[in-house]
Amino acid sequence: MKIFKKLIGSQIMLPLIALLVLVLFNLIWDPSFFAISLGANNAGDPILKGNLVTIFDYGSELAILAIGMTLVTAASGGQDISVGATIAIAGSVILRIIRGNEVNVDTMKAPLIVAFIAAVVATMLVGAFNGALVSFFKVPPMVATLIMFTAGRSIAGWINNYDNIYIGDPRFKIFGGVVPGFPVPTAIIIALVCMIVIALVLKFTTLGLYAQSVGINEKSAKLNGINPIFVKFLTFVLLGVCCAVCGLIQTSRLGTINYSNISLNIEMDAILAVALGGNALGGGKFNMASSVLGAYIIQFLTVTLYKLDVPSTAISAYKAVVVIILVVISSPVVTKKIKEMKSRRNAKEAARKAGVE
Amino acid sequence: MSKKSSESANAFQKIMKKITATNTSLLLTITIAIFLFMYLFAIIFVGGSFTKPQAFLDILNNNACLIILACGMSIVMITGGIDISVGGVVALVSMCCAVYLDKRGGSVLGAIVISLLIGLAFGAFQGFLVAYLDIQPFIVTLAGMFFARGMVTIVCEVPFNVEHAGFVALKDSRIEIPFLGSFNRLGQFIPGSSEVGVIVSLIVVVVLFVIMKWTRLGRAFYAVGGNAQSAMMLGINVRRTRFLSHLICGLMAGIGGFVYFMHVGSGSPAHATGYEMNAIAAAIIGGTMLSGGVGNIMGAFFGVLSLATIKNIVAAWGLQDAWWTGITIATMICLFLIIQSIVSAVRSNKKR
């Protein structure tokens, strides 16, 4: 009971309620939504199939991004809107190294780990650029990342000369599909690893504490010996690393890249995930678990809408309605009103009790 | 002789003082100077169509909608908010007008009313959520953008051209400006021509400029954006001011949507993609600071012109690919941001 009471007041309540509503809705609409079966993919390897698996599989990029975005939001009080473009750069770098000098390749020309490390370096540079603008030049994060938002996809195309690349190597496709013989999609496992890593980092280092204190009050953080410039810079670089992981998964899913369409609008979904998690977009305190939960809820919502035969282009309108309802419920004014109502009722009850006695 | 030179030096100093008096006027001057420099550069080194006045009129023709959007965006940004739904609203307005004119047989006047109502509805709803429920403007208008973009495809999924007679007449009507004409290769004189939308956008710029400069409401926008707490102590209704800033921005998105519709004459879900970011970029180049309190409507106007000029220069150099435009615009935003940050850093040092 105590745990339950603690949960009600906490930040994770909002995403949990949203999740509950979605689950209940699907249970009533069509209970077979939750069925999971074992099928086989095109290559004949066993793979788990079902809506739940799809949610976790395709939600993994969003979850990974939400991790980085939460840190950036907490420390800098703003959001990075260039993550989609950064993912495009990461994907482009990976393909550029793997393909060697050909356009269509059946076997990788360079080891994947080299390509991935190169992508990580590239996205860290992008993150460093954004971070430098935000921390050294004191540019608001949304404006600073507007630069990469406009230029990123162009840079991604330039890296590969706008070639239509196709990588046919089955080893490359592992990250977007499954490891042969193991039916859980690899993306889920990658996301899980990322979550464990960030949980350990938050538990055993002061990164989370520093990010929050910088976000709450930069000046007092500085007076307490924290370097706010470095902390902000670091969060942007970490978000860059998250983007590299997403780029790997995204390119691996398709074996190709569409420079202007890869991860389009994912920055919006990532920011929504942070907001759905109940984190203040103005910086300060954050709850990593509820951010990640928020990411999966967005994917849950998307899959649910697909199931209801909503055309993919119209999904954004329904998403917007849900988001508006959620933010209105969690807005400070409404929560205050609810609290007032509760306290008034309590006072009334107390008065009645007093009268009885 | 020496007296004269000292007088002119005095005058120069006076002008300099006026320019550097506030962040707003300093940033505005930088913007205008860079725009003029860029346009001169284009005339001298790129030549071609840039030497003809029609090139300038074409920039206005193609960007009339963006000018209106950037003005509305500047007001929201000066008040300390942001509105990223404008691009979606423009697309929604043009699609609704197209469907209304062609499939419902409506009139042009009705279409104008529809576009204004859509804009006002978005502005009022978002403004209410931002001002009275204290929700971050970014997330509210993000949802607004999603909603508008989704609604476009719900209204009609396929792009189509409007063939309504009255509208086509309005769309093709040009205002001829004889003294801005030029001779073509055959030696015939062609007067400069501008679309109706340009007139609308110029009126909007002037009206908003006057509002921001000389009315109580306009100064309230600056006060709230500069410091909401002290604005409240001065007796300004902060919530109402924030609400009005979003309402005006929504109305501008509605007007801009109809101007855009007059320019393209079709409805499509792909219309006006990235316009919200272009409008924000133009406002930033025009010297509006996202932190609020600093900015100018004229700056937004010149910001759009600068953006368009640099796009045209890149195209004239034969770098047709879209990615060159992306990179040049990004570089330009970067440059202006650094100028802004240096300006404010120098100023805060001086104050100390």
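Residues numbered from 1 in each chain as written. Chains lettered and ligands numbered in written order. Predicted model: local features only at pLDDT ≥ 70, side-chain atom pairs only at ≥ 80, totals over all residues.

Structural notes on the overall build of chain A
Then, in step 1: For chain A, the count of helices and strands is 15 helices and four strands.
Then, in step 2: For 357 residues, the compact-globule estimate of 2.2 N^0.38 gives 21 Å, and the C-alpha radius of gyration of chain A, at 22 Å, lies within 12% of that figure.
Then, in step 3: For chain A, the spread of C-alpha atoms along the three principal axes comes to 90 × 55 × 40 Å.
Then, in step 4: When the 357 residues of chain A are sorted by exposure, 47% land in the buried category.
Then, in step 5: Of all intrachain contacts in chain A linking residues separated by at least 6 positions in sequence, the fraction that spans at least 24 positions is 76%. (Helix = DSSP H or I, 4+ residues; strand = E, 2+ residues; numbered from the N terminus. Rg over C-alpha atoms; globule rule 2.2 N^0.38 Å. Buried ≥ 20, exposed ≤ 12 C-beta atoms within 10 Å, placed from the backbone. Contact = placed C-beta atoms within 7 Å.)

Notes on the overall build of chain B
Then, in step 1: Tallying secondary structure elements over chain B gives 14 helices and four strands in all.
Then, in step 2: Taken over C-alpha atoms, the radius of gyration comes to 21 Å for chain B, in line with the 20 Å a tight globule of 352 residues would show.
Then, in step 3: Counting the 352 residues in chain B, one finds 47% classified as buried.
Then, in step 4: Put simply, of all contacts in chain B between residues at least 6 apart along the chain, 77% involve residues at least 24 apart.

Digging into the interface of chain A and chain B
Then, in step 1: Taken together, the contacts link 41 residues of chain A with 34 residues of chain B.
Then, in step 2: Contributing elements (two or more residues each) for the side of chain A that touches chain B: helix H7 (141–159), helix H12 (266–276), helix H14 (315–330) and helix H15 (332–356) of chain A.
Then, in step 3: Of all the elements, H7 of chain A adds the most residues to the side of chain A that touches chain B, at 12 residues.
Then, in step 4: Class assignment for the residues of the side of chain A that touches chain B results in 30 nonpolar, eight polar and three charged. (Nonpolar A, V, L, I, M, F, W, Y, C, P; charged D, E, K, R; others polar.)

Some points on the pairing of strand E2 (residues 46–49) of chain A
Residues and elements named next belong to chain A.
Then, in step 1: Of the pairings in the sheet, the one linking strand E1 (residues 37–40) to E2 comprises four bridges and is antiparallel in character. Bridge pairing links alanine 40 to proline 46 in E2.
Then, in step 2: Counted between consecutive antiparallel strands, the loop separating E1 from E2 contains five residues, among which glycine 44 sits at a positive phi close to 90°. (Pairing = 2+ DSSP bridges.)

Digging into the domain arrangement of chain A
Note: interface size is frequently given as the accessible area lost on complex formation between the parts.
Residue and element names in this part refer to chain A.
Then, in step 1: Each assigned domain of chain A is listed with its residue range as follows: domain 1 (51–309) and domain 2 (316–357).
Then, in step 2: Measuring from the centre of the C-alpha atoms in domain 1 to the corresponding centre in domain 2 gives 36 Å.
Then, in step 3: The interface is formed by six residues belonging to domain 1 together with seven residues belonging to domain 2.
Then, in step 4: Breaking the side of domain 1 that touches domain 2 down by element, the ones donating at least two residues are H12 and helix H13 (288–307).
Then, in step 5: Here the element with the most residues in the side of domain 1 that touches domain 2 is H12; it accounts for three residues.
Then, in step 6: Looking at the side of domain 1 that touches domain 2 residue by residue, the classes come out as five nonpolar, one polar and no charged. (Domains from an automatic or database assignment.)

Considering the nonpolar core
Then, in step 1: Membership of the largest hydrophobic core comes to 208 residues, with the highest contact counts inside it found for Ala66 of chain A together with Leu69, Ala70 and Ile333 of chain B.
Then, in step 2: If one sorts the elements of this core by residue count, helix H11 (residues 228–254) of chain A sits on top with 15 residues.
Then, in step 3: Counting contributing residues per domain, this core is built from domain 1 (51–309) and domain 2 (316–357) of chain A, each supplying no fewer than three.
Then, in step 4: Look past the residues within four positions of isoleucine 333 of chain B in its chain and what remains in contact with it is Leu146 and Ile147 of chain A together with Ala281, Ile284 and Ile285 of chain B. (Core = buried A, V, L, I, M, F, W, Y, C linked by C-beta atoms within 7 Å.)

Some remarks on helix H4 (residues 86–102) of chain B
Then, in step 1: Taking 1.5 Å per residue as the helical rise, H4 of chain B with its 17 residues ought to reach 24 Å, and the 24 Å between its terminal C-alpha atoms agrees with that figure.
Then, in step 2: Of all 17 residues in H4 of chain B, 15 are buried; the element is thus mostly enclosed. (Expected span 1.5 Å × (residues − 1).)

Some thoughts on the packing of helix H3 (residues 51–58) of chain A against H13 of chain A
Geometrically, a packed helix pair is captured by the angle between its two axes and the distance between the axes.
Residue and element names in this part refer to chain A.
Then, in step 1: The interhelical angle for the contact between H3 and H13, taken along N-to-C directions, is 135°, at an axis separation of 9 Å. Looking at the two axes, H3 sits oblique to H13. The way H3 lies across H13 gives a crossing that is right-handed. Packed against H3, whose contacting residues are Asn51, Thr54, Ile55 and Tyr58, the element H13 presents Tyr296, Gln299, Phe300, Val303 and Lys307 at the interface.
Then, in step 2: Residue composition of the contact of H3 with H13, grouped by class: five nonpolar, three polar and one charged. (Axes fitted to C-alpha atoms, helices over the stretch in contact; angles between N-to-C directions. Parallel < 35°, antiparallel > 145°, perpendicular 65-115°, else oblique. Left-handed = near helix turned anticlockwise from the far one by under 90°.)

Considerations on the packing of helix H4 (residues 60–76) of chain A against H13 of chain A
Residues and elements named next belong to chain A.
Then, in step 1: It is at 8 Å that the axes of H4 and H13 come closest, and there the two elements cross at 145°. The way H4 lies across H13 gives a crossing that is right-handed. Mapping the contact onto sequence places Leu62, Ala63, Ala66, Ile67 and Thr70 in H4 and Met288, Ser291, Val292, Gly294, Ala295, Tyr296, Ile298 and Gln299 in H13.

Looking at the environment of valine 140 of chain B
Residues and elements named next belong to chain B.
Then, in step 1: With respect to the helices and strands, the residue valine 140 is situated in helix H6 (residues 137–155).
Then, in step 2: On the neighbour-count criterion, valine 140 (29 C-beta atoms within 10 Å) is buried.
Then, in step 3: When near neighbours in sequence (up to four residues on either side) are disregarded, valine 140 contacts Gln126, Leu129, Val130 and Ile135.

Concerning unusual backbone geometry
All names here are of chain A.
Then, in step 1: Residues other than glycine seldom take positive phi values, yet tyrosine 162 does so here, at roughly 60°.
Then, in step 2: One non-glycine residue, asparagine 265, lies in the positive phi region at around 65°.
Then, in step 3: When you line up the elements, asparagine 265 lands in the loop between H11 and H12.
Then, in step 4: For asparagine 265, a count of 13 C-beta atoms within 10 Å translates into the label partly exposed.

So, the environment of phenylalanine 189 of chain B
Then, in step 1: Here phenylalanine 189 of chain B shows up in strand E3 (residues 189–195).
Then, in step 2: Each C-alpha atom of the pair phenylalanine 189 of chain B and proline 178 of chain B lies 9.1 Å from the other, and the pair is 11 residues apart in sequence.

Let's talk about the confidence of the model for chain B
Then, in step 1: Averaged over all residues, the pLDDT of chain B equals 85, while 92% of them reach at least 70.
Then, in step 2: Two numbers describe this predicted complex: its pTM, 0.83, and its ipTM, 0.77. (pLDDT = per-residue confidence, 0-100.)

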